[in-house]
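Examining the three-dimensional arrangement
Each chain is listed here by its residues.
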There are 2 protein chains.
Amino acid sequence: MSITIEELARIANTSVATVSRVLNNKPGVSEKRRADIKKLAEQFGYSPNILARNLVMKKQHMLGYIVSSLSNPAYIDFFHRIESSCRAQGYQVLIADSEENVKLEKQHIKAMLEHRADGLLIFPVADDHSSAGHRHFLDLQLRKVPFVLLGESGGYNFDYVTSEEIESSGVLARHLLELGHRRIGVVGVLPGNRCTEQRLEGVTRVLERESPEAAKILRRADGEKEDWIPEVCSWFKYPDAPTALITMNNGVALRLYRPLEEVGIEIPRDVSMVSFEDDFWTELIRPSLTTSVPNNAEVARLAFETLRERIKDPEAPPIGHHIPQTFIRRESSGPPRPEQK
Amino acid sequence: MSITIEELARIANTSVATVSRVLNNKPGVSEKRRADIKKLAEQFGYSPNILARNLVMKKQHMLGYIVSSLSNPAYIDFFHRIESSCRAQGYQVLIADSEENVKLEKQHIKAMLEHRADGLLIFPVADDHSSAGHRHFLDLQLRKVPFVLLGESGGYNFDYVTSEEIESSGVLARHLLELGHRRIGVVGVLPGNRCTEQRLEGVTRVLERESPEAAKILRRADGEKEDWIPEVCSWFKYPDAPTALITMNNGVALRLYRPLEEVGIEIPRDVSMVSFEDDFWTELIRPSLTTSVPNNAEVARLAFETLRERIKDPEAPPIGHHIPQTFIRRESSGPPRPEQK
DNA sequence: CTGTTAGCGCGTTCAC
DNA sequence: GTGAACGCGCTAACAG
């Protein structure tokens, strides 16, 4: 498929050592030979065999990026940021998608280890952020594999970087309280999913502290897929319907737009809606969505940096970072209808 | 980081050959030793060094997938399909994102070649589907690197698989004609982008054949980013405004929703809108979008198969495939207002 | 059945 | 400045 360093040496009437020196821009070769060999390499389309090189160098300059779901645009955004940092430092990034499947996640970790990646950046699958779901990371830590989790550490003492969820979620709740909402509903919590659970916790904490009566009547429609659609719609059959909804992500919010409209509920006139995450369509739809958006740039930067530190010093104590989110007010949230209470 | 096959052999009081045999499930080892060695390998957390293995095997069981933009959900969809086919056959897939940048594309190709991928699946960057933009693929072909293009072959004789654009685009045009539209606008054509150019061609062909008067007054708002927004809006200041718009993809369509509404134009009452591609929000927004959706599943399947064939026989003549799209009628298209014509 | 050995392509001493 | 020789971890003959 491509010639080897040895063939090149033969063609250039020299030894592999010399060729290797010029290929790696190392000193100790006369300028003339250097130029000659470079020309020959170009001419014969020489392509170094990275495998052989890495095998002897025992350094891959390669990081693994394992993500719970590539369908999530945020993770792609992440990847771009991380990759450009890496490229700047001569690192390559291997991507893998676990498709929210722990088994696949483990499989990918194994594969990357076999490929001798220097370190791993992992968005653990969201299904199971319990300590059980994180047990396989313990193995990694024991084996001294440098890795950092993007998300919670599941109670273990791992390196991790994550978006701050509780405070940020509280901001959304406070926003609704300030607008005058008291009857609030939370939609799309996935039991067992740490991220949504924290968002819920952020809401309840603020409510309990700042408006106990609102906390008491907080409603929830949880579950997978779109199970919550009929439940949420049913709330609006009664006079004590919520005047504001907090959805666990933009997808959940958008999926409610049409069903609500069909039962005669208008946003934000009849109900306010606030959400999490950021997508290009968030401000294009009507009404545009008020959201709390994670600071991906900073999370990515810190994750990469943390991994570099870990690679440098495998013995240092693990550290965790929480990055605050940004609140963006848009059209979907407003004061409750006066006549409604 | 992990023990080697040699250390394992020493621990098990045997030779590397035997260990290698059990690790690869090859015959010629007594059941007892096999079990012993497997246990030991497990116990010591042995992880094979794929680099060393591939170096000697000269087979990576690894494909490269280079895509013009990972931000496009369709390409992720693709990746999933291709990857699952690959995994089923013991192949791994390396992803790379060229971010619509030819330079990056070349860089990634180089990297994958250096990693000795067995073959490449490439979505060329869309900016330049001219023959100049495809010249670097000629090098690949000359070097006998197995690769297949996802998209047009730019006039060269390469393997490629692509969504059929011209006929499919014609279906949208015909749909509008049948609804009674005659004043039609095309939005979002990127000059130099083969895909959008073909979609435009599909429209004009049908119009010229089936309604020459409509073809004559066909309008266009081309360009990058969102340049076309003010232009499209300005059309509606005059009585001869288009009654239907064909946008080059869902993003373009969605970006027009609000601006049109702001100038008092309602979809589909005042103007019908039809588009291309498929996104989860396409049927969730209001009004839901009538689109022509590419058959990704089939394209992915065929691309993978074509690559396998190419790897098997590097000398066979290249072949191209065009996969028809599916038309999906939704709410955004309807008959023109009677009073308008 | 089992062990010995020769490379795979490359970077790196260490002599010349 | 230059080249011969060794070893990275592994597979595949080949010989017992």
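In this report, we go over the structure that sits alongside the text. (Residues numbered from 1 in each chain as written. Chains lettered and ligands numbered in written order. Predicted model: local features only at pLDDT ≥ 70, side-chain atom pairs only at ≥ 80, totals over all residues. Heavy atoms only, no water.)

**Some points on the relation of the copies chain B and chain A**
With an RMSD of 0.1 Å, the operation that places chain B on chain A is a rotation of 180° combined with a shift of 0.1 Å along the axis. The symmetry that links the two subunits is that of a two-fold axis. Closest approach to the rotation axis within chain B is made by the C-alpha atom of B:L51, at a distance of 2.6 Å. In this assembly, 100% of the residues forming the interface of chain B have copies in chain A that are likewise at the interface, indicating an isologous arrangement. (Least-squares fit on C-alpha atoms with pLDDT ≥ 70 in both. Contact = heavy atoms within 4.5 Å.)

**What about the nonpolar core?**
Ranked by internal contacts, the top residues of the largest apolar core, which has 52 residues, are A:Y65 and B:Y65. When neighbours within four sequence positions are excluded, B:Y65 is seen to be in contact with B:Y75, B:F78, B:F79, B:I82, B:V93, B:L94, B:I95, B:A96, B:M112, B:L121 and B:F123. The next biggest cluster of nonpolar side chains, apart from the first, holds 48 residues, and it includes A:V232, B:L256, B:Y257 and B:L284. (Core = buried A, V, L, I, M, F, W, Y, C linked by side-chain atoms within 4.5 Å. Buried < 20%, exposed > 50% of the residue type's maximum accessible area, 1.4 Å probe, protein only.)

**Brief notes about the protein's contact with DNA strand D**
Close contacts around DNA strand D come from 26 residues, with A:T14, A:R21, B:I5, B:K26 and B:Y46 the closest. A share of 71% is what sugar and phosphate atoms reach among the atoms of DNA strand D within 4 Å of the protein. In this structure, a phosphate oxygen belonging to DNA strand D sits 2.4 Å away from a side-chain N or O atom of B:Y46. B:A52 has a polar backbone atom sitting 3.5 Å from a base nitrogen of DNA strand D. Examining the composition of the surface near DNA strand D, we find that four residues originate from one element, helix α4 (residues 50-57) of chain B, more than from any other. Residues that form the surface near DNA strand D fall into these classes: eleven nonpolar, nine polar and six charged. (Near = heavy atom within 4 Å. Polar contact = N/O pair within 3.5 Å; in protein donor to acceptor, adjacent residues only side chain to side chain. Helix = DSSP H or I, 4+ residues; strand = E, 2+ residues; numbered from the N terminus. Nonpolar A, V, L, I, M, F, W, Y, C, P; charged D, E, K, R; others polar.)

**Digging into the sheet that holds strand β3 (residues 119-122) of chain B**
What holds strands together in a sheet is hydrogen bonding between their backbones, with the strands either parallel or antiparallel. Residue and element names in this part refer to chain B. With respect to topology, six strands assemble into an open sheet ordered β2-β1-β3-β4-β5-β11, the strand pairing being parallel. The sheet is open, and its two edges are formed by β2 (92-97) and β11 (320-323), each paired on a single side. Each adjacent strand pair in this sheet contributes to an overall mean axis angle of 15°, direction not counted. Pairing analysis gives four bridges linking strand β5 (residues 160-163) to β11, with the strands arranged parallel. Looking at β11, one finds that S163 is bridged to I323. (Pairing = 2+ DSSP bridges. Axes fitted to C-alpha atoms, helices over the stretch in contact; angles between N-to-C directions.)

**Digging into the side chain of B:N296**
All names here are of chain B. With respect to the helices and strands, the residue N296 is situated in helix α13 (residues 296-312). Among the polar contacts listed, one links the side chain of N296 to the side chain of D77, at a separation of 3.2 Å. Beyond its immediate chain neighbours, meaning those up to four positions away, N296 contacts A74, D77, F78 and R81.

**Things to note about the packing of helix α4 (residues 50-57) of chain A against α4(B)**
The contact between α4(A) and α4(B) brings their axes to 9 Å, and the two run at 135°. Taken together, the axes of α4(A) and α4(B) lie oblique to each other. Seen from above, α4(A) lies across α4(B) with left-handed handedness. Between α4(A) and α4(B), the contacting residues are A:L51, A:A52, A:N54 and A:L55 on the first element and B:L51, B:A52, B:N54 and B:L55 on the second. The residue makeup of the contact of α4(A) with α4(B), split by class, is six nonpolar, two polar and no charged. (Parallel < 35°, antiparallel > 145°, perpendicular 65-115°, else oblique. Left-handed = near helix turned anticlockwise from the far one by under 90°.)

**A few points about the interface of chain B and chain A**
Each partner contributes residues to the interface: chain B has 48 residues there, and chain A has 48 residues. Here chain B and chain A share an interface that buries about 4700 Å² over both sides, 58% of which is from carbon and sulfur atoms. Looking only at chain B, the three residues that lose the most surface to chain A are B:M1, B:L51 and B:R258, adding up to 15% of its buried area. Counting across the interface, chain B meets chain A through four salt bridges. Note that A:E331 and B:R258 form a salt bridge whose closest N and O atoms lie 2.6 Å from each other. At the level of elements, α4, α5 (73-88), β2, α6 (102-114) and α12 (250-262) of chain B are the ones that each hand at least two residues to the side of chain B that touches chain A. Top contributing element to the side of chain B that touches chain A by residue count: α6(B), with six residues. (Buried area = accessible area lost by both parts, 1.4 Å probe. Salt bridge = Lys/Arg side-chain N within 4 Å of Asp/Glu carboxyl O.)

**Here we look at the sheet that holds strand β5 (residues 160-163) of chain A**
Residue and element names in this part refer to chain A. One open sheet accounts for six strands, arranged β2-β1-β3-β4-β5-β11; its pairing is parallel. On the outer flanks of this sheet lie β2 (92-97) and β11 (320-323), each paired with one strand and no other. The sheet shows a mean angle of 15° between the axes of neighbouring strands, taken without regard to direction.

The analysis is restricted to geometry; functional conclusions fall outside its scope.
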